[in-house]
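In case you want the letters, here they are:
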Amino acid sequence: MSLLSVCEWLQNLPWASGIKHSAWQFPVVESVHSLALSAMLWPTALLDMRLLGWIMPRRPVSRVAAQFLPWTWWGFAIMVASGVLLFCSEAVKCYQSPFFRVKVALLVLAGLNSLVFHKTVFRSVAVWDGDGSTPWRAKLAGGCSLAVWIGVVAMGRALAYA
Amino acid sequence: MLSESFLPFFEWCGNTWLGTTVRDTVWAFPVIETFHLLALAVLLGTVLMVNLRTFGVGARDSELNSALEPSLEPWMRVSIVVLILSGIPMMLSEPMKCYESISFPIKIGLLVAAIAWHFTVQRKHPGKLAAGVSILLWTGIGIAGKGIPYV
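As a convention, each chain's residues are numbered from 1 in the sequence order in which they are written. Here every chain gets a letter starting at A, and every ligand a number starting at 1, in the order they are written. Where totals are concerned, whole chains, interfaces and linings use all residues; where local detail is concerned, this predicted model gives features only for residues with pLDDT of at least 70, and gives and counts side-chain atom pairs only at 80 or more. The basis for the side-chain values is all heavy atoms of the structure; hydrogens and waters are excluded.

### Observations concerning the overall build of chain B
Counting from the N terminus, the helices are DSSP H or I runs at least four residues long and the strands are E runs at least two residues long. For chain B, the helix and strand inventory stands at 8 helices and 0 strands. Overall size of chain B, expressed as C-alpha extent along the three principal axes, is 50 × 30 × 25 Å. Should any heavy atoms of two residues lie within 4.5 Å, those residues are considered in contact. In chain B, of all internal contacts separated by at least 6 residues, the share reaching a separation of at least 24 is 79%.

Here it is as structure tokens:
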């Protein structure tokens, strides 16, 4: 079974085509998706900017992370759940769109970036916690995260109109 | 649906240079909307973090939070400006959609109310009521915006 036929099958499931063809379901799920994006993107960006040393240089990184990470996880979970619903309702369009493929690739990169950051330089955060200027690997993680998430939003918008 | 007396204004909007340019450029709308959404994330993210704290949600580190709040205010103002500046060309590019949509006048009404609430009641009487109304107004603007192409 090809990936395309899986997408066709998904899209034709009664609840998936219901989202697409109902007058209100698609915009409601899309609103939830955008609100969840807002709840997770800004806390993510604030933490990234702290890692880059752009803001709150006197605040310990570990405390900034402890404050913002729960927001990013909750927002991300709601965004994935609503995003899966949106995807199922127009799976074939997504399959055929280059923007969707780039978006998924960027999301994988965001995950890998976060994983590498937590498994490496963040483990030794106690050593550099209070430093206004963070280690280069922390700056790299913050910069990559900012760029990748802006790209995710841009690809999402491009997908909607292409 | 707006009264017909507004129609000439919306027709004029569609004929402006900015409106026709955005409409005739394939990538202009999604690019402008990307900036609109990023600014919305800054604004709503701030509104949610600052106001939900009043209800004890996400308020782990109260010392950090109270230090954070004043530094988020300028970002919030900048994001409102970016939202309006990016919203205008989008509106000009498809004014008839806005004219025919019930969501558009609701969105503009909520926007005026939210800005007024932010600079008056929330300043003078901060508390659970001010925070709750603020969250409802700003999320309502986001939802009404999503509704423009549909209803």
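### Quick look at the pattern of salt bridges
Any Lys or Arg side-chain nitrogen located within 4 Å of an Asp or Glu carboxyl oxygen qualifies as a salt bridge. If you walk through the whole model with that rule in mind, you get 9 salt bridges over all chains. One salt bridge connects A:Glu30 with B:Lys146, and the closest N-O pair in it is separated by 3.5 Å. Of this pair, A:Glu30 sits in helix α3 (residues 25-52) while B:Lys146 sits in helix α8 (residues 128-147), placing the two residues on different chains. When its relative accessible area of 12% is taken as the criterion, B:Lys146 is described as buried. The salt bridge involving B:Glu69 is made with B:Arg53; its shortest N-O contact spans 2.7 Å. Residue B:Glu69 is found in helix α4 (residues 62-93), and its partner B:Arg53 is found in the loop between α3 (28-52) and α4; the two are separated by 16 residues along the sequence. Each residue is assigned to one of three classes by its accessible area relative to the maximum for its type, calculated with a 1.4 Å probe on protein chains only: buried under 20%, partly exposed between the two thresholds, exposed over 50%. Under the relative-accessibility criterion, B:Glu69 is labelled partly exposed at 31%.

### Observations regarding the nonpolar core
Of all hydrophobic cores here, the largest spans 60 residues; its most connected members are A:Trp42, A:Leu46 and B:Trp138. The dominant element in this core, judged by the number of residues it contributes, is α3(A), at 12 residues. By size, the runner-up hydrophobic cluster in this structure holds 9 residues, among which are B:Phe10, B:Cys13, B:Met91 and B:Phe104. Put simply, a nonpolar core is a bunch of buried Ala, Val, Leu, Ile, Met, Phe, Trp, Tyr and Cys residues held in one set by side-chain atoms that sit within 4.5 Å of each other.

### Details of the environment of A:Leu109
All names here are of chain A. Mapped onto the elements of the fold, leucine 109 is located in helix α6 (residues 98-119). Residue leucine 109 is classed as partly exposed on the basis of its relative accessible area, which comes to 46%. Along the sequence, leucine 109 and valine 148 sit 39 residues apart, while their C-alpha atoms lie 7.4 Å from each other.

### Here we look at the interface of chain A and chain B
Across the contact, 29 residues belong to chain A and 30 residues belong to chain B. Buried area between chain A and chain B, summed over both chains or domains, comes out near 2800 Å², and the portion from carbon and sulfur atoms is 72%. A 1.4 Å probe defines the accessible area here, and the buried area is the portion of it lost by two parts on being joined, summed over both. The three residues of chain A that bury the most area against chain B are A:Trp42, A:Gln67 and A:Trp71, which together make up 24% of that side's buried surface. Across the contact surface, chain A and chain B share 2 salt bridges. Side-chain atoms alone can form a polar contact between residues adjacent in sequence; in general such a contact is a pair of N or O atoms within 3.5 Å, and within protein one must be able to donate a hydrogen while the other accepts it. Linking chain A with chain B are 5 residue pairs in polar contact (both at pLDDT 80 or more), by the criterion used here. Of all the elements in the fold, those that place two or more residues in the side of chain A that touches chain B are α3, α4 (61-89) and α8 (136-161) of chain A.

### Focus on unusual backbone geometry
Within the chain, A:Met56 stands out as a residue other than glycine whose phi angle is a positive 45°. For A:Met56, the position within the fold is in the loop between α3 and α4.

### A few points about the packing of α3(A) against α8(A)
All names here are of chain A. One can describe the packing of α3 onto α8 by two numbers: an axis separation of 8 Å at closest approach and a directional angle of 155°. By the angle between their axes, α3 is roughly antiparallel relative to α8. Viewed along their axes, α3 and α8 form a crossing whose handedness is left-handed. Within the contact between the two elements, α3 uses Glu30, Leu37, Met40, Leu41, Thr44, Ala45, Asp48, Met49, Leu51 and Leu52 and α8 uses Ala138, Lys139, Gly142, Gly143, Ser145, Leu146, Trp149, Val153 and Arg157. Residue type decides the class: Asp, Glu, Lys and Arg count as charged, Ala, Val, Leu, Ile, Met, Phe, Trp, Tyr, Cys and Pro as nonpolar, and the leftover types, Gly among them, as polar. When the residues that make up the contact of α3 with α8 are grouped by side-chain class, the tally is 11 nonpolar, 4 polar and 4 charged. Axis definition: a line fitted to C-alpha atoms, limited for helices to the stretch in contact. Angles are taken between N-to-C directions and run from 0 to 180 degrees. Roughly parallel here means an angle under 35 degrees, roughly antiparallel means over 145, roughly perpendicular means 65 to 115, and every remaining angle is called oblique. Handedness of a crossing follows from how the near helix is turned relative to the far one, being left-handed for an anticlockwise turn of less than a right angle and right-handed for a clockwise one.

### A few points about the state of the cysteines
Residues and elements named next belong to chain A. We call a pair of cysteine sulfur atoms a disulfide when they lie within 2.5 Å. For the coordinates displayed, the defined rule picks out 0 disulfides over all chains. Considering cysteine sulfurs only, cysteine 94 is the nearest to cysteine 7, which forms no disulfide, with 7.9 Å between them. You can call cysteine 7 buried: its relative accessible area is 5%.

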